[in-house]
Amino acid sequence: MKNTEPSGYQANPDDDQHSVGCCGYILLFISYLIIICTIPFSMFMCIKVVQEYERAVIFRLGRILPGGAKGPGLFFIVPCTDAYTKVDLRTVSFDVPPQEILSKDSVTVSVDAVVYYRISNATVSVTNVEDAARSTRLLAATTLRNVLGTKNLSEMLSERDNISHTMQMNLDEATDPWGVKVERVEIKDVRLPVQLQRAMAAEAEAAREARAKVIAAEGEQKASRALKEAADVISQSPAALQLRYLQTLNTISAEKNSTIVFPVPIELFRGMGTFGGGAASTSM
């Protein structure tokens, strides 16, 4: 059988003071009589003040007064029959305690967050939940574990904005029946185990060294091609090689070195060898 009873408080515009019953009327009459007889002293007990950022939820003989929460400013209560609760409407922030979470790729991390919320409906926050602030804190910790448990470590580190937005939507939807509006959720820190930090640092260092070796090899390849092109150009003109020798000597002398290395063309030695071989054959 389907349950048709409401899950929480729902304001009924038909409820009024006539629902208090005969005994309620008698108590109210006695209360008003006492107030009139003790004026002006009773005014100190009957007149209350709430600030601009507060609302007062008044219960008369256990029932909420029509019109919902009162305030800001002055409001009147009957001390013998009325009880009221002040509700702060300002935005409240709290830290979610660090949660040990096992990620989707079986990595244990410690994650904490901060949540910003406010009371959007003072009447519902009093009647539908015993302690709206404590319930929101507990639900935030549970939601943090549930959301991050479906993420990989790389997603936790790179998609914080998406995770925060998902948590904010889930919390806002769950706390709406409590009269609570979750405005923002932020992931503060994702702490990894020390061994995992060392492993990731070693992996990053190895990747950097590999990239450095690749860059050095590419540089050597380009330099060898440039040298080959230069050698091809110099081989087409023997005088260019001599000019290169002179330029090298000029560079060495500009550095004020005490030792000068003078390069000798290899063709000179070849010519000397040819001359020596011809002379030996002639003498024979």
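For the structure itself, look to the data block above.
Fair warning: this is a prediction, and the values are worked out from it, not measured in the lab.

**Concerning the sheet that holds strand β7 (residues 108-119)**
The strands that make up a sheet pair up through hydrogen bonds in the backbone, lying either parallel or antiparallel. Strand order in the open sheet made by the three strands is β6-β7-β8, with antiparallel pairing throughout. For this open sheet the edge positions go to β6 (92-102) and β8 (180-191), each flanked by a neighbour on one side alone. Ignoring strand direction, the axes of neighbouring strands in this sheet form an average angle of 25 degrees. In terms of strand pairing, β6 meets β7 through nine bridges, oriented antiparallel. Each bridged residue has a counterpart across the sheet, and for F94 the counterpart in β7 is V115. Contacts from helix α4 (residues 132-148) reach β6, β7 and β8, with the element oriented near 35 degrees to β6. Its contacts with the sheet put helix α6 (residues 160-175) on β7 and β8, and the angle it makes with β8 is roughly 145 degrees.

**A short note on α6**
Across its 16 residues, α6 extends 22 Å between first and last C-alpha, which sits within 8% of the 22 Å expected from 1.5 Å per residue. For α6, the complete set of buried residues consists of I163, S164, M167, Q168, L171, D172 and T175. The buried side chains of α6 occupy one side of the element, clustering within an arc of 160 degrees when seen end-on. On its buried face, α6 is in contact with β7, α4, α5 (153-158) and β8.

**What about the packing of α4 against α6?**
The interhelical angle for the contact between α4 and α6, taken along N-to-C directions, is 135 degrees, at an axis separation of 10 Å. Our classification of the angle between α4 and α6 gives oblique. Relative to α6, α4 is oriented so that their crossing is right-handed. Between α4, through T136, L139, A140, T143, L144, V147 and L148, and α6, the contact on the second element is made entirely by I163, T166, M167, N170, L171, A174 and T175. Class assignment for the residues of the contact of α4 with α6 results in nine nonpolar, five polar and no charged.

**Describing the pairing of β7**
Counting buried positions along β7 gives nine out of 12 residues, so the element sits mostly inside the fold. Connecting the antiparallel pair β6 and β7 is a turn made up of five residues, with S106 showing a positive phi of about 65 degrees. The pairing of β7 with β8 spans 10 bridges and is classified as antiparallel. Note on β8: the bridge partner recorded for Y117 is V182.

**What to know about the packing of aromatic side chains**
What the rule picks out here adds up to two aromatic pairs. On the numbers, 5.8 Å between centres and 65 degrees between planes, the contact of F94 with Y117 is edge-to-face. Of this pair, F94 sits in strand β6 while Y117 sits in strand β7, and the two are 23 residues apart along the sequence. For Y117, a relative accessible area of 4% translates into the label buried.

**A few points about α4**
Its 17 residues give α4 an end-to-end C-alpha distance of 24 Å, which sits within 8% of 24 Å, the value for a rise of 1.5 Å per residue. Along α4, the positions that sit buried rather than exposed are A132, T136, A140, A141, T143, L144, V147 and L148. Contacts from the buried residues of α4 go to β6, β7, α3 (122-127), α5, α6 and β8. Where α4 begins, one side-chain oxygen reaches toward the backbone nitrogen of A133, 3.3 Å away; that side chain belongs to D131.

Here is what the cut-offs are and how they apply
Residues numbered from 1 in each chain as written. Predicted model: local features only at pLDDT ≥ 70, side-chain atom pairs only at ≥ 80, totals over all residues. Heavy atoms only, no water. Pairing = 2+ DSSP bridges. Helix = DSSP H or I, 4+ residues; strand = E, 2+ residues; numbered from the N terminus. Axes fitted to C-alpha atoms, helices over the stretch in contact; angles between N-to-C directions. Contact = heavy atoms within 4.5 Å. Expected span 1.5 Å × (residues − 1). Buried < 20%, exposed > 50% of the residue type's maximum accessible area, 1.4 Å probe, protein only. Arc of directions from axis to C-beta. Parallel < 35°, antiparallel > 145°, perpendicular 65-115°, else oblique. Left-handed = near helix turned anticlockwise from the far one by under 90°. Nonpolar A, V, L, I, M, F, W, Y, C, P; charged D, E, K, R; others polar. Phe/Tyr/Trp six-rings, centres within 6.5 Å; stacked < 30°, edge-to-face > 60°. Polar contact = N/O pair within 3.5 Å; in protein donor to acceptor, adjacent residues only side chain to side chain.

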